[in-house]
Amino acid sequence: MLYSHTDVVPAEHDKWVHHPFEGHLDSVGRIYARGSQDMKCVGMQYLEAVRRLKGWGFQPKRNVYLVFAPDEEIGGHDGAEKFSLSEVFQGLNVGIVLDEGLASPDEHYRAFYGERSPWWLVIKAVGAPGHGSKLYDNSAMENLLKSIESIRRYRASQFDLIKAGLKADGDVVSINLAFLKAGTPSPTGFVMNLQPSEAEAGFDIRVPPTADAESLERRIAEEWAPSWRNMSFRLGQFKQKVSGHDASGKPLVTKTDSSNPWWALLENAVQEAGGKLGKPEIFPASTDARYFRNLGLPAIGFSPMANTPILLHDHNEYLHKDEYLKGIKIYESIIKAYASFVEHGSDGRTKDEL
Ligand SMILES: CSCC[C@H](NC(C)=O)C(=O)O
Ligand SMILES: [Zn+2]
Ligand SMILES: [Zn+2]
């Protein structure tokens, strides 16, 4: 199953060099468009590759499904999640799922065998209000700031592992401040001489499949939002059906060893088409692939964009047309290999015969 989400994130039109929804091809061959990397390129490459394969009369031994679904950028609950649980999907009897990956600034394509889980954390502090000139303990703002300081120290400890070259992006816990909400509004802005009684901060946390999720939960409850400091917290995108682990607590990852023939087929197919594949990685953000891995299916994140800066969700997202066209050949090779693959049992009979 060649999977692609159809939605894109918004764009601030006036901050782009070309309009994000015009698909502008510039004089050096860059295609500027929101979704040019994430992931209109992939959806179109699937279609072009299938067209080329049909053009030279290729006969697949397996069904090849192209699936286009909405809502990935807002969690996929009404898109891939529902589809993965549907009878239609069950009826497809899918063997392998391909979904999106990331661009690579160097010559190696990147492939992802798992991903970090999104935990969206909101911490809230309450405290006595007071005059803006008064120094006192346990105000909502002071309590919130203590937590933010502690979270920043933790963030730095994780970031240092990446900076020192000890860990890759997908192998540490990331935590970034997404919003701050506090203060008493007034017609001219905010009241300056009133310390507010409530303050909130929201964080985007990403947790690798191998991380100790329980100890992180404890850290949130005991250090970042302790009730003894008048704090509380809530977590979104968390402890949902797809939390990065299966029912027995094992990380939801796709094997990239000899036990998974789809991995070797991908490696060979990319090589045969003249591409170079880097070492398989954990995707640092989230993709719809998690819903299919959650069913025990192998799923690989792969977007063939080498020699390309990572611009998903950024201003001026672009893909060079040469990379785009090269990617079609890469998919042609992968689809050919995948659609020709027939699994055999130990007695030589195909899986379907068994
Ligand atoms: C939590 S669902 C949102 C999915 C989105 N995916 C990407 C690739 O940006 C993200 O990681 O934020
Ligand atoms: Zn995407
Ligand atoms: Zn995205």
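Quick caveat: nothing in here was measured; it's all calculated off a predicted structure.

Draft legend 1. Highlighting the sheet that holds strand β2 (residues 24-25). The strand order β2-β3-β19 describes an open sheet built from three strands, whose pairing is antiparallel. A single partner strand is all that each edge strand has here, and the edge strands are β2 and β19 (318-320). The strands touched by helix α8 (residues 321-340) within the sheet are β2, β3 (30-32) and β19, with β19 carrying the most contacts at an inclination of about 70 degrees.

Draft legend 2. Expanded view of the UniProt feature "binding site: Zn(2+) 2" (unreviewed entry) in the protein. Per the UniProt entry, the sites bearing "binding site: Zn(2+) 2" (unreviewed entry) are D38, E73 and H313 in this numbering. Of the residues just listed, which span 276 residues, no C-alpha pair is farther apart than 10.1 Å, and they cluster in one region. Along the chain, D38 turns up in the loop between β3 and α1 (40-55). Those residues in contact with D38 that sit more than four places away from it in its chain are V8, E100, L312 and H313. Looking at the element boundaries, H313 is found in the loop between β18 (299-302) and β19. Not counting residues within four places of it along the chain, the set of residues in contact with H313 comprises V9 and D38.

Draft legend 3. Examining the packing of helix α6 (residues 261-272) against α8 more closely. Relative orientation of the contacting elements α6 and α8 amounts to 140 degrees, with a least axis distance of 8 Å. Compared by their axis directions, α6 and α8 come out oblique. For α6 against α8, the interelement crossing comes out right-handed. Between α6, through L265, L266, N268, A269, V270 and E272, and α8, the contact on the second element is made entirely by I330, S333, I334, A337 and Y338. For the contact of α6 with α8, the class distribution of residues is eight nonpolar, two polar and one charged.

Draft legend 4. Geometry of the nonpolar core. Counting residues in hydrophobic clusters, the biggest one holds 51 residues, and the most contacted among them are V97, L266, I300 and I334. What I300 contacts, discounting residues up to four positions off in sequence, is L98, A111, F112, Y113, T254 and L266. Listed in part, the 20 residues of the second largest apolar core include L144, I175, A199 and I205.

Draft legend 5. Geometry of the pairing of β18. Neither face of β18 is open: one carries A299 and G301, the other I300 and F302, and all of them are buried. Sheet analysis places strand β5 (residues 97-99) next to β18, joined by three bridges and oriented parallel. Looking across to β18, one finds that V97 is bridged to A299. Taken together, the two bridges between strand β7 (residues 111-115) and β18 define a ladder with antiparallel strand orientation. Looking at β18, one finds that A111 is bridged to F302.

Draft legend 6. Layout of the sheet that holds strand β8 (residues 117-126). Judged by pairing direction, the sheet is antiparallel, and its four strands sit side by side in the order β10-β14-β8-β15 without closing on themselves. The sheet is open, and its two edges are formed by β10 (174-182) and β15 (231-236), each paired on a single side. Neighbour-to-neighbour, the strand axes of the sheet open up by a mean angle of 20 degrees, direction not taken into account. With six bridges connecting them, β8 and β15 associate as antiparallel partners. Among the inter-strand pairings, A125 is bridged to a residue of β15, identified as M231.

Draft legend 7. Region of the structure containing the domain arrangement of the protein. One can read the domain layout of the protein as domain 1 (2-115 + 245-340) and domain 2 (117-207 + 210-236). Centre-to-centre separation of domain 1 and domain 2, based on C-alpha positions: 34 Å. Of the residues belonging to the side of domain 1 that touches domain 2, the class tally is five nonpolar, one polar and one charged.

Draft legend 8. Representation of the UniProt feature "binding site: Zn(2+) 1" (unreviewed entry) in the protein. With numbering aligned to this structure, UniProt lists the feature "binding site: Zn(2+) 1" (unreviewed entry) at H5, D38 and E100. Over a stretch of 96 residues, the named residues converge on one spot in the fold, their C-alpha atoms separated by at most 8.6 Å. In this fold, H5 is placed in strand β1 (residues 2-5). Non-local contacts of H5, meaning those with residues more than four positions away in its chain, are made with M39, A69, P70, E72, G79 and D288. As for its placement among the helices and strands, E100 is situated in the loop between β5 and β6 (108-109). If sequence neighbours within four positions are ignored, E100 has contacts with D38, M39, V42, T287, G301 and S303.

Cut-offs applied
Residues numbered from 1 in each chain as written. Chains lettered and ligands numbered in written order. Predicted model: local features only at pLDDT ≥ 70, side-chain atom pairs only at ≥ 80, totals over all residues. Pairing = 2+ DSSP bridges. Helix = DSSP H or I, 4+ residues; strand = E, 2+ residues; numbered from the N terminus. Contact = placed C-beta atoms within 7 Å. Axes fitted to C-alpha atoms, helices over the stretch in contact; angles between N-to-C directions. UniProt positions renumbered as here; feature names shortened; annotations may be inferred. Parallel < 35°, antiparallel > 145°, perpendicular 65-115°, else oblique. Left-handed = near helix turned anticlockwise from the far one by under 90°. Nonpolar A, V, L, I, M, F, W, Y, C, P; charged D, E, K, R; others polar. Core = buried A, V, L, I, M, F, W, Y, C linked by C-beta atoms within 7 Å. Buried ≥ 20, exposed ≤ 12 C-beta atoms within 10 Å, placed from the backbone. Domains from an automatic or database assignment.

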